[in-house]
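Results of the structural survey
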Amino acid sequence: MESDIHEKIRQLIQEAGEILVLSHIRPDGDAVGSVLGLGLALQEAEKQVQMVLVDGVPSSFRKLPGANQITRKVQDPFDLSIVLDISDLSRTGNVLDGQVPDLNIDHHITNLNFARINFVDPEAPATAAILAEYLPRWGLKISEPVAQALLNGIVSDTLGFRTSNVRPNTLRLAADLMEKGADLSELYNRALIRRSFEAARLWGLGLDKLQRDDRLVWTTLTLSDRAQSAYPGNDDADLINIIASIDESDIGIIFVEQKDNHIKVSWRAQPDWDISQLATQFGGGGHPAAAGADIPGMLDEVQEKVISATRQLLKNGANGNKSSHYLKPN
């Protein structure tokens, strides 16, 4: 069965001339690295490729080879569409205008299998890791620029190989990419260490509002916070990973106010807690230990509903209903 899907993917790629490659809104390092890794490999196979991220490329990843080719919308016709690192079609930002994509490659356990062909591996630590393992099987080469992009995705989504879904094969894939020219130290530094001045100011505003109730911690980032810090993105600047590191908590949450009257909610959980289904209840998804949702409504209203539901999850877990699974992050 597995060999069948790889043959189908190989055939799709071979027969296509113009290919669209895209990933989710508010792209992280895995989204950017996966789009660039596959997109550049397809270009080197002499395909016409459009690489699209509706929110553009975050500043941390703009020095990756080919990043300047990524556009915010589809500009030309295509005969094959590939979505990467997306569990729900709505996460494309309506790039496809409701069209069913041809191929969906992802690693989220909550993936809805929305494409004509779905290759979803929830055990993979990153979508970029799936590509690093299977691109050659699909008839594509991993050159130095492709290796750089894919290692960026793996490093970003595993927080530098620190998440519990990192396996020996993850490190082997990373070593193979390094042998092809990827610079691990540079990628690690840009993805996980360096931050803009504006991002640091945003962190300060969020941390100043940090709250804790028993084993739950949370904070908010408002539109006013974004304006005050001059932070250009509409995400949390990875503050969620700081919140998740608090020793006295089992679950951390960030509420990020958006312009169109909805709230981006991100959850992070410690081992043995599963917040993926909680996110699904709010129209989102993700991994057992890292999930998110975009929830319509005002900040106070959404915060009250989400905190109440998360408290209930913690209460149920305290009664012996914890998850035995732990995957992270995105």
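Residues numbered from 1 in each chain as written. Predicted model: local features only at pLDDT ≥ 70, side-chain atom pairs only at ≥ 80, totals over all residues. Heavy atoms only, no water.

In terms of nonpolar packing, the biggest core is built from 53 residues, with Leu38, Ile105, Leu135, Trp138, Leu150 and Leu177 touching the most fellow members. Those residues in contact with Leu38, other than ones at most four positions away along the chain, are Val21, Ile82, Leu84, Leu131, Leu135 and Leu140. Membership of the second largest hydrophobic core comes to 23 residues, among which are Val265, Trp267, Ala269 and Leu314. (Core = buried A, V, L, I, M, F, W, Y, C linked by side-chain atoms within 4.5 Å. Buried < 20%, exposed > 50% of the residue type's maximum accessible area, 1.4 Å probe, protein only. Contact = heavy atoms within 4.5 Å.)

Remark: helix H2 (residues 29-44) packs on helix H4 (residues 144-157), axes separated minimally by 7 Å, with the N-to-C direction vectors making an angle of 160°. As far as their axial angle goes, H4 and H2 are roughly antiparallel. The handedness of the crossing between H2 and H4 is left-handed. Across from Gly29, Asp30, Gly33, Leu36, Gly37, Leu40, Ala41 and Glu44 in H2, the residues of H4 making contact are Pro145, Val146, Ala149, Leu150, Asn152, Gly153, Ser156 and Asp157. In the contact of H2 with H4, the residues fall into 7 nonpolar, 6 polar and 3 charged. (Axes fitted to C-alpha atoms, helices over the stretch in contact; angles between N-to-C directions. Helix = DSSP H or I, 4+ residues; strand = E, 2+ residues; numbered from the N terminus. Parallel < 35°, antiparallel > 145°, perpendicular 65-115°, else oblique. Left-handed = near helix turned anticlockwise from the far one by under 90°. Nonpolar A, V, L, I, M, F, W, Y, C, P; charged D, E, K, R; others polar.)

It is worth spelling out the side chain of Arg26 at this point. Summarising the element assignment, Arg26 is placed in the loop between strand E1 (18-22) and H2. Not counting residues up to four positions away in its chain, the partners in contact with Arg26 are Asp55, Arg91, Asn234, Asp235, Gln258, Lys264 and Asp294.

Positive phi outside glycine occurs at Glu46, with the angle close to 65°. Checked against the element boundaries, Glu46 lands in the loop between H2 and strand E2 (48-52). On the accessibility criterion, Glu46 (73% relative accessible area) is exposed. Its identity is not glycine, yet Asn261 carries a phi of approximately 60°, on the positive side. Locating Asn261 in the fold gives a position in the loop between strand E8 (251-257) and strand E9 (262-269). We classify Asn261 as partly exposed; its relative accessible area is 44%.

We now examine the packing of aromatic side chains. One pass over the full model with this rule turns up 4 aromatic pairs. Ring centres of Tyr134 and Trp138 lie 6.2 Å apart, and the angle between their planes is 20°; on these two criteria the pair is classed as stacked. Judged on exposure class, the residue Tyr134 and its partner Trp138 are both buried. For the pair Trp267 and Phe282, a centre-to-centre distance of 6.2 Å together with 35° between the ring planes defines the contact as tilted. Within this pair, whereas Trp267 is found in strand E9, its partner Phe282 is found in the loop between helix H10 (276-281) and strand E10 (285-287), the two being separated by 15 residues in sequence. Among the aromatic residues, those joined into a ring-pair cluster are Phe119, Tyr134 and Trp138. (Phe/Tyr/Trp six-rings, centres within 6.5 Å; stacked < 30°, edge-to-face > 60°.)

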